[in-house]
Amino acid sequence: MLPLLWPATVETAQMVGWSTLFTVLLGLPLGVALVVFDRDGLRPLPAFKSGLGFVVNVGRSLPFIVLMIAIIPFTRLVVGTTIGTAAFVVPLTVGAVPFFARLVETALREVGTDVVQAAQAMGASRTAIVRKVLLPEALPGLVAGLTVTVVALIGYSAMAGTLGGGGLGDLAVRYGYQRFETLLMIVTVVLLLVIVQLLQSLGDWVARRLSHK
């Protein structure tokens, strides 16, 4: 099984790794914006925040399998193809960004208002407050949110295998389902469980190390 499992595991790691990178680059500023532009935020713009919130809610409400199919033209425009590991980084990122943005928003809202008010009293700019107060104070929650997002991306990547995305999901479909190789299916499931458990444990450990409590 190793000649089949190893390439599929590498493909899954590539999909999840690149998707995680792009999700953080896009989802982190989006989550910060949801907090900063809120009615009680550092730069209140309620109408703009409502628009951002609507977009995020729409992105979160779509089942991933539907999202993959719906944005096939966009995927082809960005990557030039709709099959393979590289192509499915696009729907994985699009699906994960709204999810991660909400987790970022939740983590930032847990930062005490007294800390922010103290920074404002010392004359700190809005940018400085975000960079030096909100993000550092919310770091344990951000790490926990990122861990949850990576675990979700692993699940999404398995679904991507049903539409030609490669990885462990594709292996499970082609060999476990279509060829009735039950043992390979079981091994694939166990491997996914082990990967998720290791990542979750690592994320929890890092979050605890960063926590001030």
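The structure under discussion appears in the preceding block.
Only a predicted model underlies this, so the values are computations on that prediction, with no experimental measurement involved.

1. Concerning the nonpolar core
Residues Leu 42, Leu 108, Ile 129 and Leu 134 are the most contacted members of the largest nonpolar core, which totals 25 residues. Contributions of two or more residues to this core are made by α1 (2-36), α2 (46-61), α5 (89-109), α6 (113-121) and α7 (126-137). With residues up to four places along the chain from it excluded, the contact list for Leu 134 reads Leu 42, Leu 108, Val 111, Val 116 and Ile 129. Phe 64, Phe 88, Leu 153 and Ile 154 belong to the second-largest nonpolar core, a separate cluster that totals 22 residues.

2. Let's talk about the packing of helix α9 (residues 167-177) against helix α10 (residues 182-210)
Following both chains from N to C, one finds α9 and α10 inclined at 160 degrees, their axes separated by 8 Å at the closest point. By the angle between their directions, the pair α9 and α10 is classed as roughly antiparallel. Crossing angle aside, the handedness with which α9 passes α10 is left-handed. The segment α9 lies against α10, with Leu 168, Leu 171, Ala 172, Tyr 175, Gly 176 and Tyr 177 engaging Leu 184, Met 185, Thr 188, Leu 191, Leu 192 and Ile 195.

3. Focus: the pattern of salt bridges
Inspection of the entire model under this criterion finds four salt bridges. The closest approach of N and O atoms between Glu 105 and Arg 102, which form a salt bridge, is 2.6 Å. You can see Glu 105 and its partner Arg 102 sitting in helix α5, three residues apart, about one turn around the helix. Under the relative-accessibility criterion, Arg 102 is labelled buried at 16%. Two residues, Asp 170 and Arg 174, come together in a salt bridge whose shortest N-O distance is 2.8 Å. Placement of the pair is Asp 170 and Arg 174 together in helix α9, with a separation of four residues, close to one helical turn. Asp 170 gets classed as buried once you look at its relative accessible area, which sits at 16%. Owing to a relative accessible area of 33%, Arg 174 belongs among the partly exposed residues under this scheme. Salt bridges sharing partners connect three or more residues here, namely Asp 38, Arg 102, Glu 105 and Arg 109.

Thresholds applied
Residues numbered from 1 in each chain as written. Predicted model: local features only at pLDDT ≥ 70, side-chain atom pairs only at ≥ 80, totals over all residues. Heavy atoms only, no water. Core = buried A, V, L, I, M, F, W, Y, C linked by side-chain atoms within 4.5 Å. Buried < 20%, exposed > 50% of the residue type's maximum accessible area, 1.4 Å probe, protein only. Helix = DSSP H or I, 4+ residues; strand = E, 2+ residues; numbered from the N terminus. Contact = heavy atoms within 4.5 Å. Axes fitted to C-alpha atoms, helices over the stretch in contact; angles between N-to-C directions. Parallel < 35°, antiparallel > 145°, perpendicular 65-115°, else oblique. Left-handed = near helix turned anticlockwise from the far one by under 90°. Salt bridge = Lys/Arg side-chain N within 4 Å of Asp/Glu carboxyl O.

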